[in-house]
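Here is how the chains run, residue by residue.
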Amino acid sequence: TVYFTRGLPYVIVFLVSLVFFNRMGQSNSTITLITSWAFVPFIMRPLLGRFVTGYATKRLWVLAMELLMAVSMFGISQSITTPYWEIASMLFIFTTACAAVIHDVAVARFYKLSMSRKLPSLSSVHSVFLLMAIVVGMGIPLMLAGNLEVLNRVVEKSWVTTFYFLAITFLLLFIYHTIVLPRPQDKPSIPIRSGLTRRWWLETKTTFMQLPNYVALLLFLLLFLIPEGMFIRVAPLFLIDPGSNGGLALSPQELGLVQGTVGTFAFIAGCGLGLSLVRRDGLQRWLWFFVMALTLPKFLFVYLSYYFVSTLSIINICIIIDYFGAGLGLTTYIVWLGFCTKGKHSTFTYSLGTAITAFSMVMSGWFTGFLQEYVGYRKFFLMVAISGIISFIVA
């Protein structure tokens, strides 16, 4: 349940919030700009990670962040009917993103403290519950909001109830974890302003710079996912936008089914197959196949945008192919990130690697909405498909 809670805020911040702002009448440029700011806490992950290790216990951080997420969801529900709802919602979503990063770091370190080394690895169980969080976090809130919109005929009241539901969910998880989480021996380590932190940073930088062709590695981590970062911001908006705006006019319930259920399971299958192929044959053998699987399915969205496909089965097939390919392509990135961050201080180095990833996603997302509004969905998806050349070059 802790790992389920770990995955839930990511879905809310980066997927549910897109639909929420769209249904509340915001433009695509505003939506992509707001959600891009939510990646900033992930850039700050190494610094936030040092706060977790340097002050208070990991258990306290886990519980405090779950309570903060519940408060943030309640804050959004209360602000929706006010004149300043947009600024308030943006601040609460940013707070949720900060809490998600700190919770993520605290859970990883708390697990190491709590579990005996003699016990078998539970990584597969963790993966199941993280992926369950995507299915539940994307599917249930959107289906709830969509059905309430049909019943109430009012968008605002429907989303008030939806965020109430999310607030209660986080609150119940917080209460449950307060009762059941173990209390391992845990003392704050070294404060963030100590000399050891500076030494860690110097050792981490030196270790990375000693890797062969480290400039090429850095460019790969920074640029490989830029086309995907542009795509994931706009694709849900395209699916839910009305036909008058060039979208496919899916209802929130249909979007929850297409992305939260069908797409998620296709993504899981792609990741699973990709990791099994890498374990068996190594990454080098499958590299170009994985890169093609990530980039070429974007042409399916060019097809959907040009022909205004309204048949749900065809849309689902396109989503399955794209998400399955994204799972394969992301395998390349995950394996390479693990290679670049192994060695001494691997946890801290991995935080730096994910910070580079977050910076890449911010770069690719800030002006994506403005670009889409300027050129339209058709030309935008064509540009995204062609920009897959960037992924091939850095690979």
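See the structure above.
Remember, it's a predicted structure, so these values are computed and weren't measured experimentally.

Trainee: Just to check I follow, could you spell out the overall build of the protein for this structure?
Mentor: A tally of helices and strands in the protein yields 18 helices and zero strands. Taken over 395 residues, the protein has a buried fraction of 52%. Here the analysis covers contacts within the protein between residues at least 6 apart in sequence; of these, 83% occur between residues at least 24 apart.

Trainee: What should I look at first to understand the nonpolar core in this one?
Mentor: Judged by nonpolar contacts, the single largest core of 96 residues is most densely connected at Phe20, Trp159, Leu239, Phe301, Ile315 and Phe381. With 14 residues, helix 1 (residues 2–23) is the single largest residue contributor to this core. Those residues in contact with leucine 239, other than ones at most four positions away along the chain, are Leu248, Ala249, Leu250, Leu255, Gln259, Phe301, Ile315 and Ile319. By size, the runner-up hydrophobic cluster in this structure holds seven residues, among which are Val278, Trp286, Ala293 and Leu328.

Trainee: When you look at unusual backbone geometry in this model, what are you seeing that I'm missing?
Mentor: What you tend to see is this: most non-glycine residues have negative phi, and most peptide bonds are trans. Positive phi, normally seen in glycine, also occurs at arginine 153, with a value near 60°. Mapped onto the elements of the fold, arginine 153 is located in the loop between helix 7 (123–152) and helix 8 (155–180). Overall, arginine 153 belongs to the exposed group, its relative accessible area being 72%. In this structure, alanine 249 is a non-glycine residue whose phi angle is positive, near 60°.

Trainee: Got a minute to help me understand the side chain of threonine 5 in this structure?
Mentor: Here threonine 5 lies in helix 1. Here threonine 5 is in contact with Glu66, His103, Phe170, Leu173 and His177, once residues within four sequence places are set aside.

Trainee: When you look at the packing of aromatic side chains in this model, what are you seeing that I'm missing?
Mentor: How two aromatic rings sit relative to each other is set out by the distance from centre to centre and by the angle between their planes. What the rule picks out here adds up to 30 aromatic pairs. Ring plane angle 25° and centroid distance 6.0 Å describe the contact between phenylalanine 220 and tyrosine 333, whose orientation is recorded as stacked. With phenylalanine 220 in helix 10 (residues 214–223) and tyrosine 333 in helix 15 (residues 312–340), this pair connects stretches of sequence that are 113 residues apart. Phenylalanine 220 sits in the buried class, given a relative accessible area of 5%. For tyrosine 333, a relative accessible area of 3% corresponds to the buried category. When the centroid spacing of 6.3 Å and the interplanar angle of 15° are considered together, the rings of phenylalanine 224 and tyrosine 333 count as stacked. In this pair, phenylalanine 224 sits in the loop between helix 10 and helix 11 (226–240) while tyrosine 333 sits in helix 15, placing the two residues 109 residues apart along the sequence. Tyrosine 333 carries the same exposure label as phenylalanine 224, and that label is buried. Against the face of phenylalanine 231 rests lysine 298, its NZ or CZ located 4.7 Å from the ring centre.

Trainee: What is the right way to read the pattern of salt bridges from this model?
Mentor: Where side chains of opposite charge bring their charged atoms close, a pairing between them can arise. Considering all chains together, one arrives at seven salt bridges under this definition. Among the ionic pairs, arginine 6 bridges to aspartate 104, the shortest N-O distance being 2.4 Å. Placement of the pair is arginine 6 in helix 1 and aspartate 104 in helix 6 (residues 85–114), with a sequence separation of 98 residues. Aspartate 322 is paired through a salt bridge with lysine 298; the nearest N and O atoms lie 2.9 Å apart.

Trainee: Explain the packing of helix 4 (residues 45–54) against helix 6 here, please?
Mentor: Packed helix pairs are specified by the crossing angle of their axes together with the interaxial distance, meaning the distance between the axes. The N-to-C vectors of helix 4 and helix 6 enclose an angle of 55°; their axes lie 9 Å apart at closest approach. By the angle class used here, helix 4 and helix 6 are oblique. At the point where helix 4 passes helix 6, the crossing takes the right-handed sense. The residues of helix 6 that touch helix 4, namely those facing Arg45, Leu48, Gly49, Val52 and Thr53, are Val101, Ile102, Asp104, Val105, Ala106 and Arg109.

Trainee: In this structure, what is going on with helix 12 (residues 252–281)? I would like to understand it.
Mentor: Given 3.6 residues per turn, any residue in an α-helix points the same way as the ones three and four places further on. Between its terminal C-alpha atoms helix 12 stretches 41 Å, which fits the 44 Å expected from 30 residues at 1.5 Å a residue. One or two positions beyond helix 12, positive phi appears at glycine 282, with a value near 90°.

Trainee: Where do I start with the environment of leucine 181 in this structure?
Mentor: Tracing the sequence through the fold places leucine 181 in the loop between helix 8 and helix 9 (195–209). With a relative accessible area of 11%, leucine 181 lands in the buried category. In the structure, leucine 181 is positioned 122 residues away from arginine 59 in sequence and 7.7 Å away in space, judged by C-alpha atoms. Here leucine 181 is in contact with Val2, Arg59, Val62, Leu63 and Phe110, once residues within four sequence places are set aside.

Trainee: Looking at this model, I keep getting lost on the environment of alanine 145. Mind explaining?
Mentor: Along the chain, alanine 145 turns up in helix 7. With relative accessibility at 0%, the residue alanine 145 sits in the buried group. Taking the C-alpha atoms as reference, alanine 145 lies 5.9 Å from threonine 162; in sequence the two are 17 residues apart.

Trainee: What's the story with the side chain of serine 17 in this structure? I'm lost.
Mentor: Among the secondary structure elements, serine 17 is positioned in helix 1. For serine 17, the side chain forms a polar contact with the main-chain oxygen of valine 13, separated by 2.4 Å. Beyond its immediate sequence surroundings of up to four residues, serine 17 is in contact with Ile12, Thr35 and Ile93.

Trainee: Got a minute to help me understand the packing of helix 11 against helix 12 in this structure?
Mentor: One way to put it is that helix 11 packs onto helix 12 with a least axis distance of 9 Å and a crossing angle of 135°. If you check the angle between helix 11 and helix 12, you find them oblique. The handedness of the crossing between helix 11 and helix 12 is right-handed. Residue-level inspection shows Pro236, Leu239 and Ile240 of helix 11 in contact with helix 12, the latter providing Pro252, Leu255 and Gln259. In the contact of helix 11 with helix 12, the residues fall into five nonpolar, one polar and no charged.

Conventions adopted
Residues numbered from 1 in each chain as written. Predicted model: local features only at pLDDT ≥ 70, side-chain atom pairs only at ≥ 80, totals over all residues. Heavy atoms only, no water. Helix = DSSP H or I, 4+ residues; strand = E, 2+ residues; numbered from the N terminus. Buried < 20%, exposed > 50% of the residue type's maximum accessible area, 1.4 Å probe, protein only. Contact = heavy atoms within 4.5 Å. Core = buried A, V, L, I, M, F, W, Y, C linked by side-chain atoms within 4.5 Å. Phe/Tyr/Trp six-rings, centres within 6.5 Å; stacked < 30°, edge-to-face > 60°. Lys NZ or Arg CZ within 6 Å of the ring centre and 35° of its normal. Salt bridge = Lys/Arg side-chain N within 4 Å of Asp/Glu carboxyl O. Axes fitted to C-alpha atoms, helices over the stretch in contact; angles between N-to-C directions. Parallel < 35°, antiparallel > 145°, perpendicular 65-115°, else oblique. Left-handed = near helix turned anticlockwise from the far one by under 90°. Expected span 1.5 Å × (residues − 1). Polar contact = N/O pair within 3.5 Å; in protein donor to acceptor, adjacent residues only side chain to side chain. Nonpolar A, V, L, I, M, F, W, Y, C, P; charged D, E, K, R; others polar.

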